[in-house]
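# Results of the structural survey
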Amino acid sequence: MSGDVPEWLGRYAGSLLPVFGVPQTVLSHGQGCYVVDVDGKRYLDLLGGIAVNTLGHGHPALVEAVTKQASALLHVSNFFTSEPQIELAETILRLAQAPVGSAVFFANSGTEAIEAAIKLTRRTGRSRIIAAQGSFHGRSTGALALTWKPAYREPFEPLIPDVVHVPYDDEEALQAAVTDAADNLAAVILEPIQGEGGVIPASTAYLRLARELTTAAGALLVFDEIQSGIGRTGDWFAFQDAGIVPDAFTLAKGLAGGVPIGALVTVGPAVTAMLTPGQHGSTFGGNPLACAAGLATLRTVESDGLLAHAREMGEHLASAVLALNHPLIEQVRGRGLLRAIVLRKEASATVAARALEAGFLVNAVAPQAIRLAPPLVIEAHELDTFVAALPGLLEGLGDPAEDSA
Ligand SMILES: *Cc1c(COP(=O)(O)O)cnc(C)c1O
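Calculation notes
Residues numbered from 1 in each chain as written. Predicted model: local features only at pLDDT ≥ 70, side-chain atom pairs only at ≥ 80, totals over all residues. Heavy atoms only, no water. Pairing = 2+ DSSP bridges. Helix = DSSP H or I, 4+ residues; strand = E, 2+ residues; numbered from the N terminus. Axes fitted to C-alpha atoms, helices over the stretch in contact; angles between N-to-C directions. Contact = heavy atoms within 4.5 Å. Buried < 20%, exposed > 50% of the residue type's maximum accessible area, 1.4 Å probe, protein only. Phe/Tyr/Trp six-rings, centres within 6.5 Å; stacked < 30°, edge-to-face > 60°. Lys NZ or Arg CZ within 6 Å of the ring centre and 35° of its normal. Domains from an automatic or database assignment. Buried area = accessible area lost by both parts, 1.4 Å probe. Salt bridge = Lys/Arg side-chain N within 4 Å of Asp/Glu carboxyl O. Polar contact = N/O pair within 3.5 Å; in protein donor to acceptor, adjacent residues only side chain to side chain.

What follows is about the sheet that holds strand S16 (residues 363-366). Strands pair in a sheet through their backbones, by hydrogen bonds, and they do so in one of two ways: parallel or antiparallel. Across the sheet, 4 strands lie side by side as S13-S14-S17-S16; this open sheet has antiparallel pairing. If you trace the sheet from one side to the other, it starts and ends with strand S13 (329-335) and S16, each paired once. The mean inter-strand angle of the sheet, taken between neighbouring strand axes irrespective of direction, is 30 degrees. Against the sheet, helix H13 (residues 348-358) makes contact with strand S14 (338-343), S16 and strand S17 (369-372), and its axis sits at roughly 165 degrees relative to S16, the strand it touches most.

As structure tokens, this is what we get:
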């Protein structure tokens, strides 16, 4: 193993477009919920590549599926199809309990799934799209128009017009925006749980209202399940917890357990019929390798009972963190294994840096929020090692009670 991290990072800085900032760590391999860097240091992966590594690292079912598919067929183009493509689409529709006539479009990333959704909304013949403040829908120029953070959007304006951002989880604001759009409302697009926004779940009442209002307005309801989908919250898709069905939803991150993929699902024949042959496409979309990985991921989540496990582990984590009774910890947000530990101070970047040093991968998703999105296969004793380390990671960051005294 070549252990010269500073040299690798220097070469990174000299060769990669500096849109991410230079990472601190060069990872080499992984197994289960652990990854190892080029110096041989081991980390507990509590981020899962941002909710991507559904089955952790080196899972035998995923390795076997990818290996077999790589030697059978890597790519065929959409002039042809393959069994994994058809089977993955059918499996997604079955897990979503989508009615007959529903359909899947495969893309290669989350932002591309959103692009497909935006094109779908254009087929309503209307242009207004309502999205939420705090939302993240991707970085390609269409998706970027829906993404909230002004620092992401503004350097690239003008973006597609007629996108309105309303305060998230605010029923009155949504109602007012729908009324204001009148008969030009094409769609409301929401994350049932905002991921990049800081792991913030919307209330069931809000999601149901979004369903009622879009139905009444003859507009589409689109859920972005790119981060919250694939069992992460303890349901296959987070919207299932609210007992409603959107007109379309997007998937990506966890769908193929680490192989790039994205998907737009259209629910029911009327929505499916809105896009016709020639209106959309992708060279790599539905690629047999990605679809075989997706199929192995979904089958393993199903056969290993990982929905119930995600729910159970999420609750274990939340109650163990709260049981610390730490003055700096305000709450634990989220559902299943999509969680944020919310601090009373803007100290998440410091905590994440200390965690890395101590052998834990976490993410400072917001100044006061530490995001955890570990593989769904994580076990209680692994989570417990992090919870045990947490007081040490928070040490000396100040006691808010003393600050205000
Ligand atoms: C990550 C993410 C995206 C963008 O996905 P990419 O694969 O990075 O393009 C879109 N929406 C949500 C909710 C996400 O979490």
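Another point: the sheet that holds strand S11 (residues 248-251). If you walk across this open sheet you meet the 7 strands as S4-S12-S11-S10-S7-S5-S6, and the pairing is mixed. Each of the sheet's edge strands pairs with one partner strand only, and the pair in question is strand S4 (103-107) and strand S6 (163-166). Averaged over all pairs of adjacent strands, the angle between their axes in this sheet comes to 20 degrees, without regard to strand direction. Of the pairings in the sheet, the one linking strand S5 (residues 128-132) to S6 comprises 4 bridges and is parallel in character. For Ile130, the partnering residue across the bridge sits in S6 and is Val164.

This paragraph deals with the environment of Gly286. Mapped onto the elements of the fold, Gly286 is located in the loop between helix H10 (269-272) and helix H11 (288-303). Take Gly286: its relative accessible area is 7%, and that puts it in the buried class.

Turning next to the packing of aromatic side chains. All told, the structure shown has 7 aromatic pairs when counted by the stated rule. Considering the side-chain rings of Phe237 and Phe239, the 6.0 Å spacing of their centres and the 10 degrees angle between planes classify their relative orientation as stacked. Here the two residues Phe237 and Phe239 agree in accessibility, since each one is buried. Consider the rings of Phe360 and Phe386, whose centres lie 5.3 Å apart with planes at 70 degrees: the pair is edge-to-face. With Phe360 in strand S15 (residues 360-361) and Phe386 in helix H14 (residues 380-394), this residue pair connects regions lying 26 residues apart in the sequence. For the pair formed by Phe360 and Phe386, the shared burial category is buried. Feature note: the residues Phe223, Phe237, Phe239 and Phe249 constitute an aromatic cluster, connected by ring pairs. For the cation-ring pair, Arg42 lies above Tyr34, with the distance from its terminal atom to the ring centre recorded as 3.8 Å. Between Arg139 and the ring centre of Tyr152, over which it is positioned, the NZ or CZ distance is 3.8 Å.

Another aspect to go through is the domain arrangement of the chain. The assigned domain composition of the chain is domain 1 (5-58 + 305-404) and domain 2 (73-303). A straight line from the C-alpha centre of domain 1 to that of domain 2 covers 27 Å. If you look at the interface, domain 1 gives 26 residues, while domain 2 gives 28 residues. Of the roughly 2,200 Å² buried where domain 1 meets domain 2, counting both sides, 58% is carbon and sulfur surface. Of all residues in domain 1, Leu307, Arg335 and Leu338 bury the most surface against domain 2, accounting for 31% of the area lost on that side. Our enumeration of links across domain 1 and domain 2 arrives at 2 salt bridges. Among the ionic pairs, Arg335 bridges to Asp241, the shortest N-O distance being 3.5 Å. Here domain 1 and domain 2 share 14 residue pairs in polar contact (both at pLDDT 80 or more) between them.

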